[in-house]
Amino acid sequence: MVKGLTLVNTGSGKGKTTAALGVVARALGHDQKVAFIQFIKCQDTGESQFLSELARNRPERFCFSRHGQGFVGRNPSTADRELAEEGLRLARSLAEDYDLLVLDEINVVLSLGLLEPSEVAEFIQNRPEKLNLVLTGRGCPAKIIELADTVTEMKEIKHAFRAGIPARPGVDY
Ligand code: ATP
Ligand code: MG
């Protein structure tokens, strides 16, 4: 059996989630079984509409699940922590049956202290042999970077937002 890989997309430049969506497209193209588990975010976006529809139409191939309630401040609530735990529990329960799991914004969950890096590290280390993982979000902790096979730091050179151009549907969300 080919050993699964752990990919991390981190850094403050744009493209972490979009790159993860690219891996989803690739895996589905190879008839692999894919789950996209999203933390923190809860806004409707182009990708959330698309992934929900895909999950409705192809439940045997694709799972989409969201475990966030938007912005988390310096003092996370119990609900914030429970949602993060719930997302990780889902990842554990799907791991055996899937080829690819995306944990979108999990690095943000870790930087906010909603989950301990050791919990996610344990999941990475004890997952089924063949499972590929993609972890996204700014501020990936060193412990996770150490365990990953491929780590990409998105570096901002320019972002339209800085020139006063608001986030645009289809490009930014
Ligand atoms: P994307 O979802 O576009 O791939 P991302 O996953 O790398 O972005 P996040 O930190 O998850 O980045 O931010 C999500 C939202 O913030 C997206 O609408 C994205 O376009 C926007 N964004 C990302 N990086 C920046 C930046 N450096 N400045 C302003 N907005 C940004
Ligand atoms: Mg993102």
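Residues numbered from 1 in each chain as written. Chains lettered and ligands numbered in written order. Predicted model: local features only at pLDDT ≥ 70, side-chain atom pairs only at ≥ 80, totals over all residues. Heavy atoms only, no water.

**Re the overall build of the protein**
Where we set the bar: Secondary structure elements follow DSSP: runs of H or I no shorter than four residues count as helices, runs of E no shorter than two count as strands, and numbering proceeds from the N terminus. Between the two quantities, the radius of gyration covers C-alpha atoms and the globule rule is 2.2 Å times the number of residues to the power 0.38. Classification of residues uses two cut-offs on accessible area relative to the type maximum, computed with a 1.4 Å probe and protein chains only: under 20% is buried, over 50% is exposed, and between them is partly exposed. Contacts are assigned to residue pairs with any non-hydrogen atoms lying within 4.5 Å of each other. Each accessible area is a Shrake-Rupley estimate made with a 1.4 Å probe; only the visible protein chains count as cover when residues are assessed.
Within the protein, the secondary structure is distributed over 6 helices and 6 strands. Helices (α) and strands (β) of the protein occur, in sequence order from the N terminus, as β-α-β-α-β-α-β-α-α-β-α-β. Its C-alpha atoms give the protein a radius of gyration of 16 Å, near enough to 16 Å, the size a compact globule of 173 residues would have. Its C-alpha atoms give the protein principal-axis dimensions of roughly 50 × 35 × 30 Å. The burial tally for the protein puts 42% of its 173 residues in the buried class. Sequence-distant contacts in the protein: of pairs separated by 6 or more residues, those separated by 24 or more amount to 79%. Total accessible area on the protein is roughly 9700 Å²; 51% of this is exposed by carbon and sulfur atoms.

**Re the nonpolar core**
Applied cut-off: Put simply, buried Ala, Val, Leu, Ile, Met, Phe, Trp, Tyr and Cys residues joined by side-chain atoms within 4.5 Å make one nonpolar core.
Within the largest apolar cluster, 30 residues are counted, with the highest numbers of intra-cluster contacts made by Leu101, Leu103, Leu115, Val120, Phe123, Leu135 and Ile144. Where this core is concerned, the elements lending two or more residues are β2 (34-39), α3 (78-94), β4 (100-104), α4 (106-111), α5 (117-126) and β5 (132-136). Dropping the residues within four chain positions of it, valine 120 is found in contact with Leu88, Ile106, Leu110, Leu115, Leu135 and Ile144.

**Some remarks on the environment of alanine 91**
Tracing the sequence through the fold places alanine 91 in helix α3. A relative accessible area of 0% places alanine 91 in the buried class. Dropping the residues within four chain positions of it, alanine 91 is found in contact with Ile37, Leu101, Leu103 and Phe123.

**Points about the coordination of the magnesium ion (ligand 2)**
For a metal bound by four donors in a tetrahedral arrangement, the ideal donor-metal-donor angle is 109.5 degrees, while six donors in an octahedral arrangement ideally sit at 90 or 180 degrees. Inclusion rule: Distances up to 2.8 Å from the metal define which N, O and S atoms are donors, and 3.2 Å serves for Na, K and Ca; water is absent from the atom set, so sites may look incomplete.
Distances from the magnesium ion (ligand 2) to its protein donors, Thr17 (OG1) and Glu105 (OE), fall at 2.1 Å. Of this pair, threonine 17 sits in helix α1 (residues 16-29) while glutamate 105 sits in the loop between β4 and α4, and the two are 88 residues apart along the sequence. With respect to burial, threonine 17 and glutamate 105 carry one shared label: buried.

**Here we look at the pairing of β2**
The line we're drawing: Should DSSP find at least two bridges between two strands, the strands are regarded as paired.
β2 sits mainly inside the fold: 6 of its 6 residues count as buried. Of the two faces of β2, the one lined by Val34, Phe36 and Gln38 and the one lined by Ala35, Ile37 and Phe39 are each fully buried. Note: β2 against strand β3 (residues 62-67), 6 bridges, orientation parallel. Bridging from a neighbouring strand, alanine 35 pairs with cysteine 63 of β3. Strand direction decides the pairing type here: β2 and β4, joined by 5 bridges, are parallel. When the sheet's bridge partners are listed, isoleucine 37 is paired in β4 with leucine 103.

**Section: the sheet that holds β4**
Sheet strands pair via backbone hydrogen bonds, and the direction of the pair is either parallel or antiparallel. So the rule is basically this: Angles shown run from 0 to 180 degrees and are taken between the N-to-C directions of axes, each axis being a line fitted to C-alpha atoms and, for helices, limited to the stretch in contact.
An order of β3-β2-β4-β5-β1-β6 is seen for the 6 strands of this open sheet, with the pairing classed as parallel. Looking along the sheet, the strands with just one partner apiece sit at the ends: β3 and β6 (150-153). Between one strand and the next, the sheet's axes are offset by a mean angle of 10°, whatever the strand orientation. With 4 bridges connecting them, strand β1 (residues 6-10) and β5 associate as parallel partners. The partner of leucine 7 across the bridge, within β5, is valine 134. Its contacts with the sheet place α3 against β2, β3 and β4, and it is angled at close to 170° to β2.

**Quick word on empty space enclosed by the protein**
Put simply, the rule reads: Of the two site types, the cavity is a set of points on a 1 Å grid over the protein atoms alone where a 1.4 Å probe fits but cannot get out, and the pocket is an open set with protein on both sides within 12 Å along at least five of seven lines, each lined by residues with an atom within 4 Å of a point. Grid points are joined across faces, edges and corners, and a volume is the space filled by probe spheres set on the points. Three residue categories are used. Nonpolar comprises Ala, Val, Leu, Ile, Met, Phe, Trp, Tyr, Cys and Pro, charged comprises Asp, Glu, Lys and Arg, and polar comprises the others, including Gly.
Evaluated as defined, the whole model comprises 1 cavity of 30 Å³ or more. Taken as a whole, the largest cavity encloses approximately 60 Å³ of empty space. Considering every element that reaches the lining of the largest cavity, the biggest residue donor is α3, with 3 residues. Within the lining of the largest cavity, the residues separate by chemical class into 7 nonpolar, 4 polar and 1 charged.

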